[in-house]
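# Structural features, examined
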Amino acid sequence: MVAGFLGAFAVLLVLGMPIAIVLGGAALAYLLLKGGLSLTLIVQTTYAGMASFPLLAVPLFILGGNLMTESGITRDLVKFARSLLGHVSGGLALVAIAACTIFAAISGSAVATAVAIGVMLLPAMREAGYEDAFSGALMATAACIGPVIPPSIPFILYGVITNVSIVGLFMAGVVPGLLFGVALMLYAYAFSRRRGYPRDPRPSLKDLALDTWRALPALFMPLLVVGGIVGGWFTPTEAAGVSVAYSLVVGSVVYRGLRLRRLPHILLNAALESGVVMLLLGLSEPFAWVVAVEQLPQRLLDSLMTVSASPWVILLLVNLALLLIGIPLETAPAITITASVVAPLAPLLGIDPLHLGAVVVFNLVLGLITPPVGAVLFSVCGMTKLSLERLSRAIWVPFVIGLMVLLLITYVPGLTTFLPRLVLR
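The structure contained in this document is the topic of the report that follows. Only a predicted model underlies this, so the values are computations on that prediction, with no experimental measurement involved. (Residues numbered from 1 in each chain as written. Predicted model: local features only at pLDDT ≥ 70, side-chain atom pairs only at ≥ 80, totals over all residues. Heavy atoms only, no water.)

## Some points on the side chain of serine 392
Mapped onto the fold, serine 392 is located in helix α20 (residues 388–394). Non-local contacts of serine 392, meaning those with residues more than four positions away in its chain, are made with Pro371 and Leu377. (Helix = DSSP H or I, 4+ residues; strand = E, 2+ residues; numbered from the N terminus. Contact = heavy atoms within 4.5 Å.)

Next comes the structure, spelled out in structure tokens:
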């Protein structure tokens, strides 16, 4: 039965079917081959996979991010980051990383971040003399920090699928995301200094204060959401609702870029994005049911232990497998496929589930910049008119930096578990 299940999965994947159909089709093939089981099991488990209160956070966070993006906050965020870091060597490169980190924490989308920040900063970097390949690679990589730091939709998906605390996962992602940002800044600073890229004049305290004041409404949104969750004021789902209400008020009253006539378009886009994610999650449930019934995690662990009994070696092998999976798949589909298989390894190996969740999500997020099919790469290519080949060559240094951070959080568990233990104790 397992061979038929995996075979159906592989065939549907090779045929280029949508990932949701691949997951549901593989489960259906298993039921047909096994016999004696009602096909209504597919319907029941699919419904159960979507009928979850925490999952309401996904469409709400997507809608909140779209509302803030539409409101025109990008200009003020970039101006704030430029006042703060622009006078340092390679200041515009540092501004790109800082602006992407802040904006991605609001929008929740790496692709949206790369486009929104890239449209403003990439032409400015070109005008200042920065190489297009360096600028594009840095922008694409920095945009991937957002899905790692809270509020993070990939962590919500992983938490729902594996029944791991979403608040704990949010906290587990903070240090890895910040480490990635700092590592990218060090690289950008060293590269820019060696190439002699220019810096902005140092702003006056008055200008810095004014730019900070204008950016405060946007900066406050992630603080409100994360602080409210950590402080116990509301759950992640309620926090998503708060983000929508806050986005509506700030976008229409403060930034005044949100227009009533645009709301149907915004709602439609959010509904389409949410529908894709929810269908994925729904059809991942019968897939996860088959995985559990056939004890695939235990079989996987038994196979890995023929190589080594060390949890650290097994974690390395899991990371390598996830990196390969992340090449053809985007983050959400990759999580729905791998989470139900990988997560049960945590108790078997004596690994903290939050640590493993942070490692899995960080690993799969790197797939967004992995040549040749990284979604963020295509977005940046469209903005810079760079060929995918040239951008793929330039992306390897920041990608390797991401791999180094991945290894660091894999083998120093305290980096991911410190904050959850501090907050959730």
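## Observations concerning the layout of surface pockets
Empty space within the second largest pocket amounts to approximately 500 Å³. Surrounding the second largest pocket, 22 residues form its lining, Leu300, Ile325, Ile337, Thr338 and Val341 being those nearest its centre. Per-element accounting of the lining of the second largest pocket gives the leading share, six residues, to helix α15 (residues 311–326). For the lining of the second largest pocket, the per-class residue count stands at 20 nonpolar, one polar and one charged. (1 Å grid on protein atoms, 1.4 Å probe; cavity = no way out; pocket = protein on both sides within 12 Å on 5 of 7 lines; lining within 4 Å. Points joined across faces, edges and corners; volume = space filled by probe spheres on them. Nonpolar A, V, L, I, M, F, W, Y, C, P; charged D, E, K, R; others polar.)

## Things to note about the pattern of salt bridges
Taken as a whole, this structure holds three salt bridges when the rule is applied. For glutamate 131, the salt bridge goes to arginine 195, with nearest N and O atoms at 2.0 Å. You can see glutamate 131 sitting in the loop between α7 (110–127) and α8 (132–143) and its partner arginine 195 sitting in helix α10 (residues 166–195), a full 64 residues away along the chain. Look at glutamate 131 and you get partly exposed, because its relative accessible area is 32%. When its relative accessible area of 41% is taken as the criterion, arginine 195 is described as partly exposed. The partner of aspartate 352 in a salt bridge is arginine 421, and the shortest N-O contact between them spans 4.0 Å. One end of the pair, aspartate 352, is in the loop between α17 (345–349) and α18 (353–365); the other, arginine 421, is in helix α22 (residues 414–424), with 69 residues separating them in the sequence. (Salt bridge = Lys/Arg side-chain N within 4 Å of Asp/Glu carboxyl O. Buried < 20%, exposed > 50% of the residue type's maximum accessible area, 1.4 Å probe, protein only.)

## Thoughts on the environment of valine 360
Tracing the sequence through the fold places valine 360 in helix α18. Overall, the relative accessible area of 1% leaves valine 360 in the buried class. For the pair formed by valine 360 and glycine 350, sequence separation is 10 residues and the distance between their alpha carbons is 16 Å. The contacts of valine 360, once residues within four sequence positions are left out, are Tyr158, Leu322, Thr338 and Val342.

## Observations concerning a nonpolar patch on the surface
On the surface, a cluster of nonpolar side chains totalling about 580 Å² of accessible area is made up of Trp312, Leu316, Leu320, Leu407, Leu408, Tyr411 and Val412. For the nonpolar patch, the elements supplying multiple residues, two or more each, are α15 and α21 (396–411). You can see tryptophan 312 is positioned in helix α15. Assessed through its relative accessible area of 39%, tryptophan 312 is described here as partly exposed. (Patch = residues over 30% accessible without salt bridge, like charges linked within 9 Å, V, L, I, M, F, W, Y side chains within 5 Å. Areas by Shrake-Rupley, 256 points an atom, 1.4 Å probe, with all protein chains shown as cover.)

## What to know about the state of the cysteines
Within this structure, the stated rule accounts for zero disulfides. For the unlinked cysteine cysteine 144, the closest cysteine sulfur is that of cysteine 100, found at 9.3 Å. What makes cysteine 144 buried here is its relative accessible area of 1%. (Disulfide = S-S within 2.5 Å.)

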